[in-house]
Amino acid sequence: MQNETVPPPRRYRWPWFVLGAVLLGAALTVLWVSAEVRRTQARRQYYLPTSETNAAAPKP
């Protein structure tokens, strides 16, 4: 038997870059969707008619 040294397994770096890209994409998606929700709520609030009529006073 020969005394063979087994090299350590190779440590790849590309999975960390893929994980970083996925996490960055998720964070940007959350920010974009929350901004769109705020923008949509502001539009709905602007376009909804307000009920400022006085129902107790009859119109002549």
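Here the structure is a predicted model, which means the values were calculated and not measured.

Engineer: Hey, could you go over the overall build of the protein for me, with residue numbers and the actual values?
Structural biologist: Of the regular secondary structure elements, the protein holds 1 helix and 0 strands. Per-residue burial for the protein yields a buried fraction of 0% across its 60 residues.

Engineer: Provide a residue-level description of a nonpolar patch on the surface, including the pertinent values.
Structural biologist: Together, Tyr12, Trp14, Phe17, Val18 and Val22 make up an exposed nonpolar region whose accessible area comes to about 620 Å². Counting through the fold element by element, Val22 comes out in helix α1 (residues 14-47).

Engineer: Explain the pattern of salt bridges to me, using residue names and the numbers behind them.
Structural biologist: Taken as a whole and judged by the stated rule, the model has 1 salt bridge. Among the ionic pairs, Glu36 bridges to Arg39, the shortest N-O distance being 2.7 Å. One end of the pair, Glu36, and the other, Arg39, are both in helix α1, 3 residues apart, so they sit about a helical turn from each other. Of the residues examined, Glu36 reaches a relative accessible area of 25% and is grouped as partly exposed.

What counts and how
Residues numbered from 1 in each chain as written. Predicted model: local features only at pLDDT ≥ 70, side-chain atom pairs only at ≥ 80, totals over all residues. Heavy atoms only, no water. Helix = DSSP H or I, 4+ residues; strand = E, 2+ residues; numbered from the N terminus. Buried < 20%, exposed > 50% of the residue type's maximum accessible area, 1.4 Å probe, protein only. Patch = residues over 30% accessible without salt bridge, like charges linked within 9 Å, V, L, I, M, F, W, Y side chains within 5 Å. Areas by Shrake-Rupley, 256 points an atom, 1.4 Å probe, with all protein chains shown as cover. Salt bridge = Lys/Arg side-chain N within 4 Å of Asp/Glu carboxyl O.

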